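Coordinate analysis (summary)
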Amino acid sequence: MTGATVVVVGSGGREHALCLSLNASPKVGSLHCVPGNAGTARIATNHASESSIKALVSLFKELAPDLVVVGPEAPLCDGLADACAEADIACFGPVAALAHLEGSKLHAKQAMEAAGVPTAAFHRLDKTSNIDAALDAFAGQPWVVKRDVLAGGKGVVVTSDRDEARTFIEFSIKADGYVLLEAFLPGEEASMLVVMDGTAYRTLPASQDHKRAYDDDEGPNTGGMGAYCPAPVVSSEVHAKVVERIVEPMHAHLCSQPVPYRGVLFIGLMIDEHNDPYVVEFNVRFGDPECQVTLPLVATDMYDLLHGAATDRLHEVALEVHDSVALTVVLASEGYPASPIKGRPIDGLPHVLAEETYGEAWVNFAGVAQDEDGQYTASGGRVLSCTALKGDLVSAHDAAYDVLQQLTLEGGHHRTDIGHRAME
Ligand code: AMP
Ligand code: GLY
């Protein structure tokens, strides 16, 4: 076998997107995914999920990869990149000490304070705190209460109801010992993915996710119901501010550590009415579904980009970007996000599955399984997303929804307004 061996860790739509981009690289000879999903199975060899970092690294040793790409944050927080370094395996994804930036919101706030990065003011509250005084301090706008745990998006309450804020604060202090109360940041959100290592950083085009379950940003928070890229709210003026105020200081901070940050830093941004950017959160991974719309815009060979960052050679890799627009719309199971109903058949998929490279429109598999008879079934809350790459946003929107219309999943739901902010 010629070409590089690459292992992607994870099982969602993000990992399918990573596999699609890596599969398009002529430099990749052999692609593996742990555990992957029914989509990655079409282009990579899936391996059964491993229960520990040690077991994962033993699998890597068997496969002898040139590169491991870690999709989700949990294995990074558990030290997968550290274990890869010990085994001399190139890993895209930061070591645990730096993955802490996502693992602990308090740590992220302290890192931002140290680096002088703009973010919401906050109070750390514990059982000795005067909760009413803290609520008073941020009164007049919604209260933002954040548990300092990896809660999959469920650890944050934004509310104008003082009693609800107080109840969640008290609950969180009981559960975790402390909680953060943050000033509310008004504005429009966007996501910026920055690939970095000890030598350089590369900012990928900014995107916008749609976190609420239903149209018009109604309903509960989800992992993300759709996204598009590039997001015009990040104009060249805003982009320059983000680079100067956030990316440069964070890169300097993260690369002055004993082991530099090698991976992607996800910057959740709030852009206010003066076009000033603030950090809402950092993640240490590609966003999902942001990844599905950002990677197709990257013209640079994906192996070169990810391997470069994993080996401190990113300074040798130039980032080139297509002048196109990508949009993805998520199909979710009935009951998502509260209690998704799984196991139902998805019909229509074989008709819309093209060859395994990006065309003009395609399907990113997330919670999709395939049974012995070849029938695809929904195995998760976010089941799949339909993605299109076109010359403009409206065409990308129409092409992605056209694919979605060809699929049926009993009780399945999706938003009909992905991209609305950029189209109004
Ligand atoms: P997080 O888990 O920190 O990303 O928060 C989840 C969501 O809550 C974000 O995507 C925002 O929509 C909202 N949010 C978080 N922090 C703030 C804030 N300080 N001001 C306004 N909205 C916020
Ligand atoms: N789509 C938001 C996230 O991945 O955290």
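Residue indices follow the written sequence of each chain, beginning from 1 at its first position. Chain letters start at A and ligand numbers start at 1, both assigned in the order the entries are written. Selection of residues for local features in this predicted model requires a pLDDT of at least 70, selection of side-chain atom pairs for listing and counting requires 80 or more, and totals for whole chains, interfaces and linings are taken over all residues. The side-chain numbers reported here are obtained from all heavy atoms of the structure, hydrogens and water having been left aside.

**Here's the deal with the site of ligand 2**
For this purpose, a residue is taken to be near a molecule or strand whenever a single non-hydrogen atom of the residue falls within 4 Å of it. The local shell around ligand 2 consists of D209, K211, G223, F266, N283, R285, G287, D288, P289 and E290. The definition of a polar contact used here is a pair of N or O atoms within 3.5 Å, where within protein one atom must be able to donate a hydrogen and the other to accept one, and adjacent residues in sequence count solely through side-chain atom pairs. Contact between ligand 2 and R285: an oxygen atom at 2.9 Å from a side-chain N or O atom of the residue. Between ligand 2 and E290 there is a distance of 2.8 Å, counted from a nitrogen atom to a side-chain nitrogen or oxygen. Accessible surface is estimated by sampling points in the Shrake-Rupley manner with a 1.4 Å probe; for residues, cover comes only from the protein chains shown. The fraction of the free accessible surface of ligand 2 (200 Å²) that becomes covered by protein chains is 90%.

**Some thoughts on the site of ligand 1**
Lining the immediate environment of ligand 1, one finds 15 residues, of which E182, L185, E189, K211 and E281 sit closest. Contact between ligand 1 and L185: a nitrogen atom at 2.8 Å from a main-chain N or O atom of the residue. Between ligand 1 and E189 there is a distance of 2.5 Å, counted from an oxygen atom to a side-chain nitrogen or oxygen. Burial of ligand 1 by the protein amounts to 90% of the accessible area it has alone, namely 470 Å².

**So, helix α13 (residues 393-405)**
Here a helix means four or more residues in a row that DSSP labels H or I, a strand means two or more in a row labelled E, and each is numbered from the N terminus. To estimate the expected span of a helix, count its residues, drop one, and scale the result by 1.5 Å. Compared with an ideal rise of 1.5 Å per residue, which puts 13 residues at 18 Å, α13 spans 18 Å between its outermost C-alpha atoms and is within 8% of the ideal. Inspection of α13 places L393, A396, H397, A399, A400, Y401, V403 and L404 among the buried residues, and these make up the whole buried set. Taken together, the buried residues of α13 touch β15 (226-229), β18 (325-332), α12 (349-352), β20 (361-365), β23 (382-390) and α14 (420-423). Taking the backbone nitrogen of V394 as reference, a side-chain oxygen 3.2 Å away marks D392 as the first, capping residue of α13. Remark: exposure states derive from per-residue accessible area (1.4 Å probe, protein chains only) relative to the maximum for the residue type, with buried under 20%, exposed over 50%, and partly exposed in between. Whether two residues are in contact is decided by their heavy atoms, any of which lying within 4.5 Å being enough.

**So, unusual backbone geometry**
Cis geometry marks the peptide bond from C229 to P230; its omega dihedral reads 0°. With respect to the helices and strands, P230 occurs in the loop between β15 and α9 (236-255). Cis geometry marks the peptide bond from D288 to P289; its omega dihedral reads 20°. Tracing the sequence through the fold places P289 in the loop between β17 (277-283) and α10 (290-294). Of note, the phi angle at D217 is positive, near 55°, even though the residue is not glycine.

**Remarks on the environment of S395**
Among the structural elements, S395 can be located in helix α13. Within the local environment of S395, its side chain forms a polar contact with the side chain of D392, the two groups lying 2.7 Å apart.

**A closer look at the sheet that holds β20**
Being paired, for any two strands, means DSSP has found at least two bridges between them. The five strands are arranged β12-β15-β18-β23-β20 in an open sheet whose pairing can be described as antiparallel. Looking at which strands have only one partner, the edges of the open sheet turn out to be β12 (208-209) and β20. One ladder, built from two bridges, connects β12 with β15; its direction is antiparallel. Following the sheet pairing, Q208 is matched in β15 by Y228. To obtain an axis, a line is fitted to C-alpha atoms, over the contacting stretch when the element is a helix, and the angle between two such axes runs from 0 to 180 degrees between their N-to-C directions. Strands in contact with α13 are β15, β18, β20 and β23; relative to β18, the strand with the most contacts, it is inclined by about 30°.

**Section: the pattern of salt bridges**
Note on definitions: salt bridges are taken to be side-chain nitrogens of Lys or Arg within 4 Å of carboxyl oxygens of Asp or Glu. The tally for this structure, following the rule as stated, stands at 25 salt bridges. Between R147 and D176 there is a salt bridge, and its shortest N-O distance comes to 2.8 Å. Of this pair, R147 sits in the loop between β7 (143-146) and β8 (156-159) while D176 sits in helix α8 (residues 162-176); the two residues are 29 residues apart in sequence, bridging distant segments of the chain. Residue classification places R147 among the buried positions, given a relative accessible area of 17%. Owing to a relative accessible area of 23%, D176 belongs among the partly exposed residues under this scheme.

**A few points about the sheet that holds strand β10 (residues 188-196)**
The sheet built from four strands is open, its strands ordered β11-β10-β16-β17 with antiparallel pairing. Two strands bound the open sheet, and with one partner strand each, they are β11 (201-203) and β17. Across this sheet, the average inter-strand angle for adjacent strands is 30°, counted without regard to direction. Where strand β16 (residues 263-271) meets β17, six bridges bridge the pair, whose relative direction is antiparallel. From the neighbouring strand, F266 faces β17, where its bridge partner is N283.

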